[in-house]
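Summary of structural features
For reference, the chains in residue letters:
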Amino acid sequence: MSKIDLNSILPFVTRPIRYVGNELNSIHKDHSQVDISVVLAYPDTYEIGQSHLGLKIIYEILNRQPDVVAERVYAPWFDAEQIMREKGVPLFSLESATPLSEFDILGFSLQYEMTYTNLLTMLELAQIPLRSSERKAHHPLVIAGGPCVANPEPLAEFIDLFCVGEGEELVLDVLDVYRQYRQEPRDKLLSKFANVPGIYVPSLYEVTYQPDGTIRSFKPKDSQVPERIRKRTMPDLDSAVYPVKQIVPYEETIHDRAVLEIFRGCTQGCRFCQAGMIYRPVRERSLNTLCQQALEVIDQTGYEEISLLSLSSNDYSGIKELVSWLITGLKERGVATSLPSLRVDTKIKDLAEQIKEVKKTGLTIAPEAGTERLRRVINKKIKEEELFETVREAYQLGWRSVKLYFMIGLPTETGEDLEGICHLVRRLKKDGAEPASRAEPASSRGKDIKVSVNCFVPKPHTPFQWVAQIGRQEAEDRLEYFKSSLKGRGLRLSWNDPELSLLEAVFARGDRRLGQVLRRAQAAGARFDSWPDQLKFDIWKQAFAESNLDPGFYANRHRGRDEILPWDHIDMGVNKEFLRSEYEQALAGAEPAWRAEPAWRAEPAWPEFTPDCRDGECRMCGACRDDLKLEIQAGQTPPALPRAAAASRLFPKEIKYKVRIKYTRRENLKYVSHGAITRVFRRAVSRAHIPVAFSEGYSRLPKIAFGPPLALGLNSEAEFVDLELNQPQDISALRNNLDQSLPPGMEIQEAVFLSPRARSLNEIINFVVYRVSAETTIGRQAGSARQTGSVLDEIKKRISELLDQKEIWVKRMREKGEISVEIRGFIDKVVVEETAQANIYEFNLFILNSPSGTARPMEVMAALLPEAGILLMVRADQFYRRVNDFLPAGYELLSPMSPDEALLKPRKGLPKRIGRW
C-alpha cells in the first residue's frame, strides 16, 4: 500500500494536528499481514468525531480481529481540502496515511443529517465514485450506520449498504460475509449482504412515485430480498464491548474526558424524541461492570474527568451508589466526576451528598415547552413547581449557571405557550437573584441563565413523524419575539438558524430523490452545514431549484395517515400502530393532522401523560421481544472501593520531592502545540501512577511545570519538565513507567531528583541551540560544476555579515496586527557544516532566550539565507548560560539537569541542627 507524505500538506494548514494521528492507544497494524482493511469515517472535524463513543467501540471490535486492520479518517477542513486538491493528494487514514481508495471497506458514522455534504466531499477527495452504481470491483465497499439510518433514503445512491441498529451486533457479520464472498462480482456481493439481518442494500429496492410526489410503492427488486429491515440490538450491555484503552487525542476535543455508558434507551416516551424511540428497550449495565470499567479507562487514558453517558443519567437504577463510588474511588487520582444529563422530575436533593463532590460546570434542563398543557402534548413529564424547586436546589448545591432548552413549532403550540417560556425564564431569573442562604454574600448571588430556543424538527419513527414543521418566516417571527422579550443582565439567548432547521427536517424526512440536491449543493461548495457560520443557504436554494424539488414538500407538509413514508421499510423496533396511537393521544380528541389544516389550532389539546415503562404497564410499542427485554439492574451493591493511593496526595502540606525530566519530541509531534503536549504529559503521569502532588482548592491541578514552549513545526531533542511529588520514588522506575505511558515520539532521556532550592525551568533556561538543515546553491554560477568550497565560503561570509549588523528587524503577527521585533541582540553565533548530501548544509544557531524575548530559528535563517530551502529544524538543546570571563567565549553552558549551585535559589539560612559549614 502507498503512503502519503504528510509534510507535503501539514505545514500549510491551520490545525495540522487534526491529520497527524499516532495518538496514544491508537492501533497500528501491518496491512500486508491482514486480510481485510477497514477505515472508519466520521463526516465532521477530528475534534468532533474523535469524541464519539460509538466509533471507538467499532474501532476496538475490528482491531481485536487478527485478520483485520481498522483505521480512522475525519472530514478535512477547508484549508486542508484546498491543499489536497491543488497537490492531487487523496484523502488518507490517520494511522498509516494510506489513501482511502486502497482500503477494502469504508464505513461512515451518520450522527446528523447536516453532515451529508461532508460525506460526499470525503468520497470525492478519496477519489472514490460518488454513486454506488459507478463503483468497480477495486473500489472499497462503502457502508454507513448510526441514528440517521432511521431514514437512509437521501443517501441511497451513494452508500452500498446500511447497517440498521447497533454496530456491535452487526459488524462481525459484515466481516464474515465479506470474507466469504469478496471475490464475487460487486452486485452478487451486495445481494449476499441483503440477506443478513439488519443490512439494507438500497440498490436492490425500487421506488415509484405518485403524480403529487408521494411514494406509490417501495419494494424489493428480487423476492429473495426482505421487504423490511429490522434493526439489530445488543440484548446485554454487560457483555458488550467497552473500549477501556481509548485513544487519547493530543488536541482538546469537544468531549475531552473519559465517557462511561451506563445504559441505553429511554422509557420517558417524549413524543418528539427520536433517540428515545429507536434505542428502546432500556438496557442497563450492572454497577460492578461500570465501576470496573471506570477504573480501567482512567488507568489506560489518564483523563482528569469521567462523565456518565445516557439519555437521562438519573434514570439509572443505581445512580446514587454509582456516583458515590466514582467520587470516592477516583478522587485520590484527581479525577472529577460529571453528570451531564439530570432530569428535572427527580429531585436533585436525592443526590445532594454525591453532587456536592461532582464537577459543576452548568446545569442543563430541557423543559422543551413553556406550559404544562404543551408538555402534556409532547409527553414531557415536567411540572413548573418541580422545575423551580430543582433550580433552587441546584443553586444551593453550588451551581451558578443554568441552561434551558426549548422548542418552537411543536404541535398545537399557541401564543400562550410562547409567553409561557418567557414566564418560566423570568421566574427562574428572579429565583437566581435571591440568596440561596442568608450566609451567601451579595456579590455571589448573581446566576447566569442561558436559554436555547430551536425550531422543532419532526423525525422518523416518532409519534410526530407525520407533523409539518412550521415555515421559515413563522419561525423567524417567533424568534424575534424571544429576542425582544428575553433580555437582561445574566440572561443569554441562543438559537439555531431556521434555515438550518428547515434543511435538517428535509433530509430527516426526505426520499432518495434528494440525492441530486446533495450532489449539486456539494459541488457548489456546501460543506460543514451544521456549523452556523458555514451554512450557505443560497447554495441550497439553487440546488433545490435545479433539481426541481421543493424543500417545503418534505419539511412543511403534514403526512397522510396511510401515506407510504420513505422510511417505512426500516423497522427500528417501535411499531407504526404504537406511534399512531401516541400521536392521536397527544391531540386528546382533537382531529389528527392527517389533513392539511389540523383542528388543533382552534382547540388546544390537554392530553394525559403516557406513563413510564419502568413504572406503568407495557404499552406494547414493539421494542421488546422474546430475546430482547427491558433490563433494569435494581437493588445492586457496589464493589469494594480501590485502596487509596495516598490520602495526603491531593492536599500536601509540604513538597519534599522534585523531579526534573528531559525528553524528546520527534516525528510528527512537531505539529502538536505546547498546550496539547502539557495535556499529554499530565495524562501520562496519571497512567504511570506517579504520586504527583496536586494544588489545593476545587479545581485541583497536578504540580507539573514545563520549560519554554516549543514553536509549532519544530522537533526537539531536549525538552524539560518538573514534577513535584509527595512520596519518594525510585528514579529509574519512575523514568521507565513514564516512558511507557508517553505516545510515540516522546521519549525520556534523563530523570533526576532536584534540590528543594532548585529554580524553575523558565528562570534558568536562557540559551538555546537549534539545528537547521537547509538546501542552498548560493555562490555557484549557473551551469558550473559543484563548487563546495565556494558555496561554503559564501555562507560563512553571509554569517559574518549577519553578526556584524547592529540591528535586525523582523515582522511578527499578533492578534492585534503586525509588529516589528529586533532580533540581533538574541543571536550569539551561527556555525555551518557541510553534509554528505549535495547542496545540503547543517546550521547550528546559538540563541539567547530571555523574558524580553528571543529570536526564532526561521527568522534567523530568513535573514541569513532567504533563498534557502529549509528541510528540518530541531531544538537541539537548552542551557543556563553563566558568565565566565576566564573562558574564551566569556560564558559557560550548564544543563538544566546539572546540580550546580548556579541553578539553585540562594540559601536563606541553615537549620540550627546543621550548624555552620
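1. Thoughts on the overall build of the chain
A tally of regular secondary structure across the chain gives 24 helices and 31 strands. Burial analysis of the chain (917 residues in total) assigns 56% to the buried set. Of the contacts made within the chain by residues no fewer than 6 positions apart, 76% connect residues no fewer than 24 positions apart. Accessible surface for the chain amounts to roughly 39300 Å². Of this, 49% is attributable to carbon and sulfur atoms.

2. Digging into the pattern of salt bridges
Applying the stated criterion across every chain yields a total of 59 salt bridges. In this structure, the salt-bridge partner of Glu95 is Arg72, at a minimum N-O distance of 2.7 Å. Of the two residues, Glu95 is situated in the loop between helix H3 (78-87) and strand E3 (105-109) and Arg72 in strand E2 (residues 68-74); the sequence distance between them amounts to 23 residues. A relative accessible area of 3% places Arg72 in the buried class. Arg228 is paired through a salt bridge with Asp571; the nearest N and O atoms lie 3.8 Å apart. You can see Arg228 sitting in the loop between strand E8 (215-220) and strand E9 (229-230) and its partner Asp571 sitting in strand E19 (residues 570-571), a full 343 residues away along the chain.

3. Digging into the packing of aromatic side chains
Inspection of every chain in the model, using the stated rule, returns 20 aromatic pairs. Here Tyr116 and Phe507 contribute two aromatic rings whose centre-to-centre distance is 6.2 Å and whose plane-to-plane angle is 80°, an arrangement assigned as edge-to-face. One end of the pair, Tyr116, is in helix H4 (residues 116-125); the other, Phe507, is in helix H15 (residues 498-508), with 391 residues separating them in the sequence. A single burial state applies to Tyr116 and to Phe507, both of which are buried.

4. Some thoughts on the nonpolar core
Generally speaking, soluble globular proteins have nonpolar side chains that are buried together. One finds Phe108, Leu110, Phe193, Trp540, Ile661 and Phe681 to be the most contacted residues of the largest nonpolar core, which totals 172 residues. With residues up to four places along the chain from it excluded, the contact list for Leu110 reads Tyr116, Leu119, Ala144, Gly145, Gly146, Pro147, Cys148, Val149, Leu155 and Phe162. Core analysis: the next-biggest nonpolar cluster, separate from the first, contains 31 residues, Leu710, Val832, Val860 and Met873 among them.

5. Focus on the sheet that holds strand E18 (residues 491-495)
The parallel open sheet is built from four strands, whose spatial order is E15-E16-E17-E18. The open sheet has two free edges, formed respectively by strand E15 (363-368) and E18, since each of these has just one partner strand. Going from strand to strand, the sheet's axes swing by 20° on average, the running direction of each strand aside. As paired strands, E15 and strand E16 (residues 401-408) are joined by four bridges and run parallel to one another. Looking at E16, one finds that Ile365 is bridged to Leu404.

6. Observations regarding helix H14 (residues 472-485)
Helix length check: H14 (14 residues) gives 20 Å between terminal C-alpha atoms against 20 Å at 1.5 Å per residue, within 8%. All of the buried residues along H14 are Ala475, Arg478, Leu479 and Phe482. Taken end-on, H14 shows its buried residues confined to a sector of 100°, consistent with a single buried face.

7. Here's the deal with the pairing of strand E26 (residues 817-822)
Inspection of the sheet shows strand E25 (residues 809-814) paired to E26 by six bridges, in the antiparallel sense. Bridge pairing in E26 places Arg814 opposite Gly817. The antiparallel hairpin formed by E25 and E26 contains two residues in its connecting segment.

8. Considerations on the sheet that holds strand E6 (residues 199-200)
The six strands are arranged E2-E1-E3-E4-E5-E6 in an open sheet whose pairing can be described as mixed. Each edge of the sheet is formed by a strand with only one pairing partner; in this case those strands are E2 and E6. One ladder, built from seven bridges, connects strand E1 (residues 36-42) with E2; its direction is parallel. The residue of E2 that forms the bridge with Val39 is Glu71. Here H4 sits on the sheet in contact with E1, E2, E3 and strand E4 (141-145), set at roughly 160° to E3. On top of the sheet, helix H5 (residues 167-181) reaches E1, E2, E3, E4, strand E5 (161-163) and E6; it is set at about 140° to E1, its chief contact.

9. Re the side chain of Thr115
Within the secondary structure, Thr115 sits in the loop between E3 and H4. For Thr115, the residues in contact, after removing those within four places along its chain, are Pro43 and Asp44.

10. Observations concerning unusual backbone geometry
Between Arg280 and the following residue, Pro281, the backbone shows a cis peptide bond with an omega angle of -5°. The residue Pro281 is located in the loop between helix H7 (274-278) and strand E12 (283-284) in this model. Notably, Gln127 is not glycine yet its phi reads approximately 60°, a positive angle. With a phi close to 55°, Glu667 is a non-glycine residue in the positive phi region.

11. Points about the confidence of the model for the chain
Residues at a pLDDT of 70 or more form 89% of the chain, whose mean pLDDT is 89. Every residue in residues 594-602 scores below 50 in pLDDT, and together they form 20 contacts with partners more than four places removed in sequence or on other chains. Counted against residues more than four places away or in other chains, residues 781-786, with its pLDDT under 50, gives five contacts.

12. Here we look at helix H6 (residues 186-193)
Buried within H6 we find Arg186, Leu189, Leu190 and Phe193. Down the axis of H6, the smallest arc covering the buried residues is 95°, so these residues share one side. Turning to H6, the residues buried within the fold contact E4, E5, H5 and E6.

13. Quick look at the environment of Ile36
Mapped onto the fold, Ile36 is located in strand E1. The class for Ile36 is buried, based on a relative accessible area of 0%. Note: C-alpha distance between Ile36 and Arg179 (143 residues apart in sequence) is 7.9 Å.

14. Regarding the packing of H15 against helix H17 (residues 537-546)
Two elements in contact, H15 and H17, have axes separated by 11 Å at closest approach and are oriented at 40°. Viewed along their axes, H15 and H17 adopt a mutual orientation that is oblique. Regarding H15 and H17, the two cross each other, and that crossing is left-handed. Each of Glu499, Leu502, Leu503, Val506 and Phe507 in H15 lies in contact with H17, whose residues at this interface are Phe537, Trp540 and Phe544. Its residues assigned to classes, the contact of H15 with H17 shows seven nonpolar, no polar and one charged.

15. Concerning the pairing of strand E17 (residues 448-455)
Among the eight residues that make up E17, six are buried, leaving the element largely enclosed by the rest of the structure. Note: E16 against E17, eight bridges, orientation parallel. Among the inter-strand pairings, Ser401 is bridged to a residue of E17, identified as Asp448. Two elements, E17 and E18, share five bridges in a ladder whose sense is parallel. Note on E18: the bridge partner recorded for Ile449 is Leu491. Crossover E17 to E18 through H14 is right-handed.

Parameters at a glance
- Residues numbered from 1 in each chain as written.
- Predicted model: local features only at pLDDT ≥ 70, side-chain atom pairs only at ≥ 80, totals over all residues.
- Heavy atoms only, no water.
- Helix = DSSP H or I, 4+ residues; strand = E, 2+ residues; numbered from the N terminus.
- Buried < 20%, exposed > 50% of the residue type's maximum accessible area, 1.4 Å probe, protein only.
- Contact = heavy atoms within 4.5 Å.
- Areas by Shrake-Rupley, 256 points an atom, 1.4 Å probe, with all protein chains shown as cover.
- Salt bridge = Lys/Arg side-chain N within 4 Å of Asp/Glu carboxyl O.
- Phe/Tyr/Trp six-rings, centres within 6.5 Å; stacked < 30°, edge-to-face > 60°.
- Core = buried A, V, L, I, M, F, W, Y, C linked by side-chain atoms within 4.5 Å.
- Pairing = 2+ DSSP bridges.
- Axes fitted to C-alpha atoms, helices over the stretch in contact; angles between N-to-C directions.
- Expected span 1.5 Å × (residues − 1).
- Arc of directions from axis to C-beta.
- pLDDT = per-residue confidence, 0-100.
- Parallel < 35°, antiparallel > 145°, perpendicular 65-115°, else oblique.
- Left-handed = near helix turned anticlockwise from the far one by under 90°.
- Nonpolar A, V, L, I, M, F, W, Y, C, P; charged D, E, K, R; others polar.
- Right-handed = clockwise from strand over helix to strand, strands pointing away.

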